[in-house]
Amino acid sequence: MSRSIAVIVLAAGEGSRFRQVAGADKDKLLADCTGRDGAVRSVIEQVLVNLPADLDKRLLVATEARPQAMRMAQAYGCDVVSIESTGMGDSIAAGVAACTDADGWLIVLGDMPFILSSTIERVVAAIADDAVSVPVQDGEFGHPVGFGRSFGLGLQGLSGDRGARPLFKQGRVVEIAVDDPGVLWDIDVPEALVFASS
């Protein structure tokens, strides 16, 4: 059975904590970052490189203030959804609305460059119509998160800064135990650009 899972990369957030430290003109998604493979790429490119090749329905949700991230995403086969809001809920809703025919949606944060492709594949494999699939590292929910088809309307109804966590109550939550600190590692400050496995 072939399923069509849409990947939605969220890249609309302003990254204000990062800018407070690095400078107002510094976009964390464009900052150089050494991936777990040792290659130096921008944060957003690391995220795109980590997406498994068989996930070919890809969208990047961003504001017009991120033309470089948009071009990068297009180079990696993503369609771009442009929104005016920087809220996570608005971003998820816009991404899902752009591909309502998918069998499920994988929500990927554009500032989490250290997630292993194998982890992403496991989360996608666990997506079911009535289920949310989420990686768990050391007892903590991480990213990316997969949502089955029954969550479509709920995802499209999100707004503002709130993410999709409240929807976990509306179906089964499939916890995927992983040994991948990358699922909890987002880039909030410049020091986080270097992955340190503890």
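Note: the structure precedes this text.
The structure presented is a predicted model; accordingly, all values stated were derived computationally and were not measured.

Reading the values: the criteria
- Residues numbered from 1 in each chain as written.
- Predicted model: local features only at pLDDT ≥ 70, side-chain atom pairs only at ≥ 80, totals over all residues.
- Heavy atoms only, no water.
- Salt bridge = Lys/Arg side-chain N within 4 Å of Asp/Glu carboxyl O.
- Helix = DSSP H or I, 4+ residues; strand = E, 2+ residues; numbered from the N terminus.
- Buried < 20%, exposed > 50% of the residue type's maximum accessible area, 1.4 Å probe, protein only.
- Core = buried A, V, L, I, M, F, W, Y, C linked by side-chain atoms within 4.5 Å.
- Arc of directions from axis to C-beta.
- Contact = heavy atoms within 4.5 Å.
- Phe/Tyr/Trp six-rings, centres within 6.5 Å; stacked < 30°, edge-to-face > 60°.

Caption draft 1: Summary view of the pattern of salt bridges. Counting across every chain of the model gives seven salt bridges. Between Arg-17 and Asp-188 there is a salt bridge whose closest N-O contact spans 2.9 Å. Of this pair, Arg-17 sits in helix H1 (residues 16-22) while Asp-188 sits in the segment after strand E10 (172-177); the two residues are 171 residues apart in sequence, bridging distant segments of the chain. When the shortest N-O distance is used, the salt bridge between Arg-66 and Asp-27 registers 2.7 Å. With Arg-66 in the loop between strand E4 (57-62) and helix H3 (67-75) and Asp-27 in the loop between H1 and strand E2 (32-34), this residue pair connects regions lying 39 residues apart in the sequence. Exposure class is identical for Arg-66 and Asp-27. Each is buried.

Caption draft 2: View of the nonpolar core. Ile-8, Val-9, Trp-105, Leu-106, Phe-147 and Leu-155 are the most contacted members of the largest nonpolar core, which totals 62 residues. A total of six residues in this core trace back to one element, the largest contributor, which is strand E1 (residues 5-10).

Caption draft 3: Up close: helix H5 (residues 117-125). All of the buried residues in H5 are Thr-119, Ile-120, Val-123 and Val-124. Viewed along the axis of H5, the buried residues span an arc of 135°, placing them on a single side of the element.

Caption draft 4: The side chain of Ser-42, seen in detail. Structurally, Ser-42 can be placed in strand E3 (residues 40-42). Not counting the four nearest positions on each side in its chain, Ser-42 is found in contact with Leu-29, Leu-30, Ala-31, Asp-32 and Met-72.

Caption draft 5: Structural view of the packing of aromatic side chains. Summed over all chains, the structure comprises six aromatic pairs. Seen in terms of ring centroids, Phe-141 and Phe-168 are 5.8 Å apart; in terms of plane orientation they differ by 45°. Their pairing is tilted. Of this pair, Phe-141 sits in strand E8 (residues 140-141) while Phe-168 is found in the loop between helix H6 (152-156) and E10, placing the two residues 27 residues apart along the sequence. Every member of this aromatic cluster is reached through a ring pair, and the members are Phe-141, Phe-147, Phe-151 and Phe-168.

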